[in-house]
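Examining the three-dimensional arrangement
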Amino acid sequence: MVIFVVDKIISMPKTPLLPPKATIVPHALEKHGHVRTDNYYWLNQRENPEVIDYLNQENEYYQQSTAHTKDFQAALFEEMKARIKEDDESVPYFYNGYYYITRFEKGKDYPIHSRKKGNLEAQEEIMFDCNEMAKGFTYFNLAGLSISEDNVWASFGTDTVSRRQYNIQIKNLQTGEILPVKIENTTGGATWASDNKTLFYTRKDEQTLRSDKIYKHKIGTTSDKDKLVYFEKDETFDVSVYKSKSKKYIIINSNSTLTTEYRTVLSATPDAKFTIFQKRTRGLEYSMSHFGDHFYIVTNKDKATNFKLMKTSENNTTKENWVDVIAHREDVLLEDIDIFKDYLVVAERANGLNQIRIMPWNGVGEYYLPFDSETYTAYTTTNLDFDTEILRFSFQSLATPSSVFDFNMKTKTKTLLKEHEVLGGQFDKNNYTEERLWAKAKDGTQVPISMVYRKGIKKDGNNPTLLYAYGSYGATMDCYFSSVRLTLLDRGFIFAIAHIRGGEDLGRQWYEDGKLLKKKNTFTDFIDCSQFLIDAKYTSTKHLYAEGGSAGGLLIGAIVNMAPSLYHGVIAQVPFVDVITTMLDDTIPLTTGEYDEWGNPNVKKYYNYMLSYSPYDNVVAQDYPNMYVSTGLHDSQVQYWEPAKWVAKLRVMKTDNNQLYLDTNMEAGHGGASGRFEAIKEIAKEYSFLLDLEGIKR
């Protein structure tokens, strides 16, 4: 409404934009004689039009509230996109007579998978152009590409919903024909037997999405003729199937948080019966690789908390036959191995840092690859060839773009194959400082923090700082380079990673000390790292921001309940925040397999402990920081209703006028948008939220 007075226009004040309020429908949840009242339980009805309407209202509120940043978001997107080499391709790797390449073309969102026979000058064979395959879908992902040993057949999985339920199809790479068979509700992954006509794959439970069945399919038959090879009855286990690097064995892996079990069959005789390698024993974890007439086993057997390497004969695989190759060490985590004809390569972690150890089989002259940074990540990549002296590995740091090297293990020389290219001519890694600091947790534990920032900052408490962490499942948050992150760094932000307990950053015990009845260490570690950065004058409560996703979103939910005044704003991506309700519902994907991580709330002590930190249950009447919360309607890992309920409750309970946004992607799932540029648009939203709070407009 406007009022005209003479020749002036006076605009009437706009009505303040009010956030949506979800309908309160009290729902009693009782366990162990304790009753919780969930006012927003009804939001779990995905097909209910009122639920969709509420999510759309929240989206509209977010869009209107941030309308003033739309142009800035678009500019940030273009800035980040401009650093990316659009016509990029992977370093080719050689396997079974072909070089395999994944490449992108300018202006296109999805990869093209191709190969060249014999040498890189050969004619390119395009196996899959995902840009063509994605047409007509708002989400598309191709996964599980597997090539038969005769190089004729390719199996592949596609997901067009973002619920990680893939349809497997088979393509004849010689004729280009895609066979009419479509195998539904799989993980996407599959592996070919050596007869080049038998395909093993994993199916999921329709409701829980647990990977619980291994089937085999024969070329030329329909999927209803596929035979069930193995069914995993234990709801706390998932299963998968793969072929050994030696190509001799097809291997089924049954895996839970604390226990593993393998079954094998000769790849040349896929119709034979699988035999158990070592039957499951509660708490015994192992993985195995085949070489010659032995299996090499990475295991925690004999209380080897940080794992050790053992071996056993092909003909005697049970644990009483295992013998040590690399003994357990209290200060070194053994993470993985790569086996070559003349070398054993061991991936280790000491003091939180990656190490790559080269061990000749003849026992003479083992050594470590040298790395001189403290904020780096180094790991072996695609090493499919047995008979080679060349090890392929990758290196990056917070300020150094990802690089791929071929390393000659005999001559100890390395060749740089590719360094991630940052376009625009503005980036110089020498303009940035990397630091590794140690914060003292409340129980005296030293917690590492890795950080990067543009040179020249002053420790005066005025630096905007984004602190990121995950802290669950033993997942290690290694230091990685990000060209999009430069958008923050070049505007004065510090970016830091808190390597908190619950991850495996400092060894297996680091994980054990941040799970089950010690889970709160994860949250207090993060809070103590935040306070450390404030005390050291890197930042202040007016400029400190926290970010986490999924189980890292649980971290964000916990810390804003426990220490909201430390943060000016937080970003919670697909956050797992309704811990007890989810863990009591065994129909929800992932629940039963998570008991060893969080505890089983059907047991009272775990219920009570979860209740003490579950973010949704612990929302109280207090001031909260500015909050941007994102989710996906089709998320299979963290159901959309968890963040939706959390935001609805926060709207009613919080006592401040700070921003609170729920941004739901109505087309995507846990990983967000599928296209490489669409994903950057989501980052632009997050960055505009942070920069707007800092008053940075350009």
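Placed above this text is the structure.
Criteria and thresholds
- Residues numbered from 1 in each chain as written.
- Predicted model: local features only at pLDDT ≥ 70, side-chain atom pairs only at ≥ 80, totals over all residues.
- Heavy atoms only, no water.
- Helix = DSSP H or I, 4+ residues; strand = E, 2+ residues; numbered from the N terminus.
- Axes fitted to C-alpha atoms, helices over the stretch in contact; angles between N-to-C directions.
- Left-handed = near helix turned anticlockwise from the far one by under 90°.
- Contact = heavy atoms within 4.5 Å.
- Nonpolar A, V, L, I, M, F, W, Y, C, P; charged D, E, K, R; others polar.
- Buried < 20%, exposed > 50% of the residue type's maximum accessible area, 1.4 Å probe, protein only.
- Pairing = 2+ DSSP bridges.
- Phe/Tyr/Trp six-rings, centres within 6.5 Å; stacked < 30°, edge-to-face > 60°.
- Lys NZ or Arg CZ within 6 Å of the ring centre and 35° of its normal.
- Parallel < 35°, antiparallel > 145°, perpendicular 65-115°, else oblique.
- Core = buried A, V, L, I, M, F, W, Y, C linked by side-chain atoms within 4.5 Å.
- Salt bridge = Lys/Arg side-chain N within 4 Å of Asp/Glu carboxyl O.
- 1 Å grid on protein atoms, 1.4 Å probe; cavity = no way out; pocket = protein on both sides within 12 Å on 5 of 7 lines; lining within 4 Å.
- Points joined across faces, edges and corners; volume = space filled by probe spheres on them.

1. Structural notes on unusual backbone geometry
One non-glycine residue, Leu209, lies in the positive phi region at around 65 degrees. Relative to the assigned elements, Leu209 resides in the loop between strand E13 (198–204) and strand E14 (211–218).

2. Details of the packing of helix H1 (residues 49–65) against helix H11 (residues 641–653)
Their axes nearest at 12 Å, the elements H1 and H11 cross at an angle of 65 degrees. As for the relative orientation of H1 and H11, their crossing is left-handed in sense. For the pair formed by H1 and H11, the contact residues are Tyr54, Leu55, Glu58 and Tyr61 on the first element and Ala644, Val647, Ala648 and Arg651 on the second. Here the residues of the contact of H1 with H11 are counted per class, giving six nonpolar, no polar and two charged.

3. Side note on the pairing of strand E17 (residues 249–255)
Among the seven residues of E17, six are classified as buried, and the element is accordingly described as predominantly covered. Relative to E17, strand E16 (residues 238–243) runs antiparallel, the two sharing six bridges. From the neighbouring strand, Val239 faces E17, where its bridge partner is Ser254. Here E16 folds back onto E17 in antiparallel fashion, the turn holding five residues, of which Lys247 has a positive phi close to 70 degrees.

4. Side note on the packing of aromatic side chains
On inspection of all chains with the given rule, the structure shows 38 aromatic pairs. Ring centres of Phe291 and Trp361 lie 5.1 Å apart, and the angle between their planes is 15 degrees; on these two criteria the pair is classed as stacked. Taken together, the positions of Phe291 in strand E20 (residues 286–291) and Trp361 in the loop between strand E26 (353–360) and strand E27 (367–368) put the pair 70 residues apart, joining distant regions of the chain. With centroids separated by 5.9 Å and ring planes inclined at 40 degrees, the aromatic side chains of Phe291 and Phe386 adopt a geometry described as tilted. In this pair, Phe291 sits in strand E20 while Phe386 sits in the loop between strand E28 (376–380) and strand E29 (390–397), placing the two residues 95 residues apart along the sequence. Aromatic rings pair up to connect Tyr249, Tyr262, Phe277, Tyr286, Phe295 and Trp322 into one cluster. Sitting over the face of the ring of Tyr215, Arg203 holds its NZ or CZ atom 5.0 Å from the ring centroid. Seen from the ring of Phe77, Lys681 lies directly overhead, with NZ or CZ sitting 5.5 Å from the centre.

5. Observations regarding the sheet that holds strand E18 (residues 260–266)
As a general point, the strands of a sheet are linked pairwise by backbone hydrogen bonds and lie either parallel or antiparallel. In space, the four strands of this open sheet follow the order E16-E17-E18-E19, with antiparallel pairing throughout. Whereas interior strands pair on both sides, the edge strands pair on one side only; in this sheet they are E16 and strand E19 (275–278). Across this sheet, the average inter-strand angle for adjacent strands is 25 degrees, counted without regard to direction.

6. Examining the packing of helix H6 (residues 520–535) against helix H7 (residues 551–562)
Helices that pack against each other are described as a pair by the angle of their axes relative to one another and the distance between those axes. H7 packs onto H6 with a crossing angle of 65 degrees between their chain directions and a minimal axis gap of 9 Å. Comparing the axis directions of H6 and H7 gives the class roughly perpendicular. Where H6 crosses over H7, the handedness of that crossing is right-handed. Along its contact with H6, which presents Thr522, Phe523, Thr524, Phe526 and Ile527, the element H7 presents Leu554, Leu555, Ala558, Ile559 and Met562. Residues of the contact of H6 with H7, tallied by class, amount to eight nonpolar, two polar and no charged.

7. A closer look at the nonpolar core
Counting 108 residues, the largest nonpolar core has Leu55, Phe526, Ile559, Tyr567, Trp646 and Leu690 as the members making the most contacts within it. Examining the composition of this core, we find that eight residues originate from one element, helix H12 (residues 676–693), more than from any other. Beyond its immediate sequence surroundings of up to four residues, Phe526 is in contact with Leu467, Tyr468, Ala469, Ala498, Ile500, Ala546, Leu555, Ile559 and Tyr567. Counting residues in each nonpolar core, the second largest holds 16 residues, with Phe340, Ala378, Phe395 and Phe407 among its members.

8. Focus: the environment of Gly492
By the element assignment, Gly492 lies in the loop between helix H4 (486–489) and strand E35 (494–498). Taking relative accessible area as the criterion, Gly492 reaches 28% and is therefore assigned partly exposed. Residues within four places of Gly492 in sequence aside, it is in contact with Asn463 and Pro464.

9. Here we look at the pattern of salt bridges
Side chains bearing opposite charge may pair, as long as their charged atoms lie close to each other. Across all of its chains, the model carries 46 salt bridges by this definition. The salt bridge partner of Lys341 is Asp387, with a shortest N-O separation of 4.0 Å. Here Lys341 is found in the loop between strand E24 (332–339) and strand E25 (343–350), whereas its partner Asp387 is found in the loop between E28 and E29, with 46 residues between them in sequence. Taking relative accessible area as the criterion, Lys341 reaches 46% and is therefore assigned partly exposed. As a salt-bridge pair, Lys697 and Asp692 come within 2.8 Å of each other at their nearest N and O atoms. Put simply, Arg103, Glu105, Lys108 and Glu124 are held in one network by salt bridges that share partners.

10. Quick look at empty space enclosed by the protein
Counting across every chain of the model gives three cavities of 30 Å³ or more. Approximately 80 Å³ is the volume found for the largest cavity. Forming the boundary of the largest cavity are 16 residues, of which Gly352, Leu353, Arg436, Ser450 and His499 lie nearest the centre. Split by residue class, the lining of the largest cavity holds six nonpolar, five polar and five charged. In this model, the second largest cavity occupies a volume close to 60 Å³.

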